[in-house]
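Chain by chain, the residues:
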Amino acid sequence: METNIITLIHQFAIEGTCLDFEPIKSGHINDTYLIRTIESDKPDYILQKINNSIFLNVAELQNNIVRVTSHIRAKLALENSSNIDQRVITLVPAKDEAWYCQSSPGSFWRVMKFIKDSHSYDQLSSQELAFKAGKAFGEFGALLADLPGKPLYDTIKDFHNIEWRLQQFSEALKSNPVNRISMVGEEIKSIQERADEMCLVQKLGREGKLPKRIVHCDTKINNVLFDKSDNILCVIDLDTVMTGYVSSDFGDAIRTGTNTGAEDDPDLEKVSMNLELFQGFAEGYITGGASFLTTAEISILPFSAKLFAYMQAVRFLTDFINGDTYYKIHSPYHNLQRTKAQLKLLFSMEDQYPAMCEIVNKVAKEKCMNYA
Ligand code: ADP
Ligand code: GN1
Ligand code: MG
């Protein structure tokens, strides 16, 4: 393995001499390695194996990331930003100038500069940090609101389309390939009871009441990098940046950042949504996105939080029923444990929903001139 990683990194136009590498294990999809160089004046690197059974067209995926990062970089340069290399991802080309290489047919790798002196959080620990993370994602949307040219590629078709996710769920129920349905009756019921209600964003979109724009679609809190003093640096993990609804970005960040427990917490007592963190994130997101958010988009934000806890439960349970073919798992019933934790989070959001709506309405009135 060691030689493979070192051999691979040398297929890219890196500066400096490789010292060592270490896997970063936080993600469920790609394999990520930190590559350290010997020289202190040369960058360290992130090497990633792209999961191409999920991202089917790696050329299109990388093309999106090049367009998005180039656009953000140009805007930061216009603002005379001093630390551009910490404020946006820098992809490193392969020696043949492509934005990825193949170690063997079907094994795709890419490299980017490691953003130095950065760290991320899996959960938000204070309202202030929640505000900053919200602002980071709101500003990310604002930076991309005027991306010129043709639409970005859909790197995963119907990725956040709950109607499609529910279809996949029904198909899993019908085929029951590893005989697990009898174990999950209660979870199936919780999902089915809410199915109609949860299709609201798709319906509003079809009716032309919610605009489509460029969204990140994987706004886990650990996809925001902070500096040593906890100032925002940038948003990373750009694989799923594509056209969609802002509910994706707000919803998934609330799902991950405001949970008092872990995404897969075995102790359901620990899982709930922290309303103070919700408020901090909402204030930050609406502040950062004030230049582009419409009243309809803002009004749907509290619902989006419920939708994303729900959608994640549907996705984890579908994978459990299908025999764990999508997400990496770390124990035999991991996807079931994840499902239960996401449903518990959803119930906590349902209990606090009136307060969430009140917060968003109040914040929007303060921050957005056009909010009615
Ligand atoms: P995944 O899709 O598996 O979540 P990410 O691209 O988010 O992969 O990378 C996983 C982790 O690696 C991030 O949460 C972050 O801590 C770290 N990381 C990734 N890219 C960079 C980078 N360019 N600079 C610094 N840290 C990074
Ligand atoms: C996956 O691997 P990561 O953390 O970037 C998934 C997200 C899920 C998340 C759940 C491409 O993201 O959609 O919300 O796991 N990414 C993909 O933790 O499916
Ligand atoms: Mg990530």
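The residue numbers shown here count from 1 along each chain, following its written sequence. Written order decides the labels, with chains lettered from A and ligands numbered from 1. Given that the model is predicted, a residue must reach a pLDDT of at least 70 before its local features are reported, and side-chain atom pairs must reach 80 or more before they are shown or counted; all residues, however, enter totals for whole chains, interfaces and linings. Excluding hydrogens and water, the side-chain figures rest on all heavy atoms present in the structure.

A. A look at the site of ligand 1. Surveying the vicinity of ligand 1 reveals 19 residues, the closest of which are Gln48, Lys113, Ile115, Asn223 and Asp237. Any pair of N or O atoms that falls within 3.5 Å is considered a polar contact. Within protein, one atom must be able to donate a hydrogen and the other to accept it, and sequence-neighbouring residues count only if both atoms are side-chain atoms. Lys113 is positioned with one of its backbone polar atoms (N or O) 3.1 Å from a nitrogen atom of ligand 1. Areas reported here follow the Shrake-Rupley algorithm with a probe of radius 1.4 Å; residue values treat only the protein chains shown as occluding. Here ligand 1 has 540 Å² of accessible area as a free molecule, and 92% of this is covered by the chains. Listed by contribution, the elements that provide at least two residues to the shell around ligand 1 are β3 (45–50) and β6 (107–113). Residues were grouped as follows: Ala, Val, Leu, Ile, Met, Phe, Trp, Tyr, Cys and Pro as nonpolar; Asp, Glu, Lys and Arg as charged; and all remaining residues, including Gly, as polar. For the shell around ligand 1, the per-class residue count stands at eight nonpolar, nine polar and two charged. Domain start and end points were adopted from an automatic or database domain assignment. Each of domain 1 (3–113) and domain 2 (127–367) contributes no fewer than three residues to the shell around ligand 1. A molecule or strand has a residue near it when one of that residue's heavy atoms lies within 4 Å. Put simply, DSSP marks the helices as runs of H or I at least four residues long and the strands as runs of E at least two long, and each gets a number from the N terminus on.

B. Main features of helix α4 (residues 127–144). A helix is expected to reach a length of 1.5 Å times the quantity of its residues less one. If you check α4, its first and last C-alpha atoms are 26 Å apart, about what 18 residues at 1.5 Å a residue would give, namely 26 Å. Within α4 the residues assigned to the buried category are Leu129, Ala130, Lys132, Ala133, Gly134, Ala136, Phe137, Gly138, Phe140, Gly141, Leu143 and Leu144. For every residue, the accessible area obtained with a 1.4 Å probe (protein chains only) is divided by the maximum for its type, and the residue is called buried under 20%, exposed over 50%, and partly exposed between those limits.

C. Layout of the pattern of salt bridges. Here, a salt bridge means any side-chain nitrogen of Lys or Arg that lies within 4 Å of a carboxyl oxygen of Asp or Glu. The tally for this structure, following the rule as stated, stands at 23 salt bridges. A salt bridge links Glu187 to Lys340, with the shortest nitrogen-to-oxygen separation between them at 3.0 Å. With a gap of 153 residues between them, Glu187 in helix α6 (residues 185–194) and Lys340 in helix α12 (residues 334–367) connect regions that are remote in the sequence. Accessibility expressed as a relative area gives 7% for Glu187, which makes it buried. Here the residues in one salt-bridge network are Lys189, Glu193, Arg194 and Glu350, joined through shared partners.

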